[in-house]
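In case you want the letters, here they are:
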Amino acid sequence: MLQVRSIQVKYGAAPALWDLSLNVMPGEMVSVIGPNGAGKTTLIMAVMGLNLLAAGEIVWEGTRISTMPAYQLCERGLALVPESRRLFTGLSVRENLELGAMHPRARQNRLRSLEQVCDLFPAVRQKLDQTAGTLSGGQQQMVAIGRAMMALPKLLLLDEPSLGLAPSIVGDMFRAIEAIHRNGTAVMLVEQNVSRALAISSRTYVLRNGRVIADGSSAELAQRDEIRRAYLGV
Ligand SMILES: Nc1ncnc2c1ncn2[C@@H]1O[C@H](COP(=O)(O)OP(=O)(O)O)[C@@H](O)[C@H]1O
Ligand SMILES: [Mg+2]
């Protein structure tokens, strides 16, 4: 469903991604791991059309999307939860969620979607009329994911959803991501919590210095010595 084909992204003269290829199949959960600065955010932003490609192409459901504006990608079924969350802290939680349902199909479905988001994140249901800025970091992350789900995505892209969350919330967050996947949404999960990412996904790509240095089934990668040493502290 998503094919990233030999893309290169540069910031100025310095390449941040080199000849990077990756794919996600319908309904699949794929994780992308790698150290800080490996190019994970650059990759996810490139998929969302927010980074110019110096080479290669990105194909979504058979259509080249490399030059498409973000709102069209959203309508075609791609949704991003950025690392920074980017909520409107002065608006209510309900208003933030409704902003995710911009295209006509999502708008029509928004009451049902809101109900589904509240089922997924019971803590959010209690907070719908509070301003988003009054929520804890974990609750704000739930709203950010909920807002993306309001667009009825076929593929949800998550950039380090567990970053900065209290340990007590991290398990809930991963369970919610699993539930989203179980309900049929494909997920591309960028994570620094490598053991959780390997446990929850079926396939994993390992990035370093803007390249894929390993990929394969998550269960198999979790057994490899070099992965265990580098990322699992074994
Ligand atoms: N806006 C930017 N301008 C210049 N360099 C950037 C920018 N964003 C990221 N980089 C560089 O690109 C590389 C990849 O960064 P990034 O994609 O953020 O990595 P990750 O998300 O894996 O930590 C790093 O070397 C980083 O310093
Ligand atoms: Mg990043």
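Residues numbered from 1 in each chain as written. Chains lettered and ligands numbered in written order. Predicted model: local features only at pLDDT ≥ 70, side-chain atom pairs only at ≥ 80, totals over all residues.

Asker: So, the pairing of strand β7 (residues 155-159): which residues are in play, and what are the values?
Answerer: Within β7, 5 of the 5 residues are buried, which leaves it mostly tucked inside the rest of the structure. Residues Leu155, Leu157 and Asp159 line one face of β7 and the alternating positions Leu156 and Leu158 line the opposite face, and both faces are buried. Summarising the sheet, strand β6 (residues 78-81) and β7 pair through 4 bridges and their orientation is parallel. In the sheet register, Leu78 faces β7, and the bridge partner there is Leu155. Summarising the sheet, β7 and strand β8 (residues 186-190) pair through 5 bridges and their orientation is parallel. Within the sheet, the bridge partner assigned to Leu158 lies in β8 and is Leu189. (Buried ≥ 20, exposed ≤ 12 C-beta atoms within 10 Å, placed from the backbone. Helix = DSSP H or I, 4+ residues; strand = E, 2+ residues; numbered from the N terminus. Pairing = 2+ DSSP bridges.)

Asker: For the sheet that holds β6, give the residues involved together with the corresponding values.
Answerer: Here 6 strands make up an open sheet; going across it, the order is β6-β7-β8-β3-β9-β10 and the pairing mixed. Edge strands, defined here as strands with exactly one partner in the open sheet, are β6 and β10 (211-217). Each strand of the sheet is rotated relative to its neighbour by a mean of 15°, with strand direction disregarded. (Axes fitted to C-alpha atoms, helices over the stretch in contact; angles between N-to-C directions.)

Asker: Describe unusual backbone geometry, naming the residues involved and giving the relevant values.
Answerer: For residues other than glycine, phi is negative in most cases, and the peptide bonds are mostly trans. We note that Leu152 has phi near 55°; this positive angle belongs to a residue other than glycine. Here Leu152 is to be found in the loop between α7 (137-149) and β7.

Asker: Which residues make up the pairing of strand β1 (residues 2-11), and what are the values?
Answerer: Where β1 and strand β2 (residues 14-24) come together, 7 bridges link them in antiparallel fashion. Bridge pairing in β2 links Leu2 to Val24. In the sheet, β1 pairs with strand β4 (residues 55-60) via 5 bridges, with the strands oriented antiparallel. Within the sheet, the bridge partner assigned to Gln3 lies in β4 and is Val59.

Asker: Pulling in residues and values, what's your account of the site of ligand 1?
Answerer: Surrounding ligand 1, one finds Tyr11, Ala16, Gly34, Asn36, Gly37, Ala38, Gly39, Lys40, Thr41 and Thr42. Broken down by element, the shell around ligand 1 gets its largest block of residues, 3 residues, from helix α1 (residues 40-47). Within the shell around ligand 1, the residues separate by chemical class into 3 nonpolar, 6 polar and 1 charged. (Near = placed C-beta within 6 Å. Nonpolar A, V, L, I, M, F, W, Y, C, P; charged D, E, K, R; others polar.)

Read these as spatial facts, not as claims about activity.
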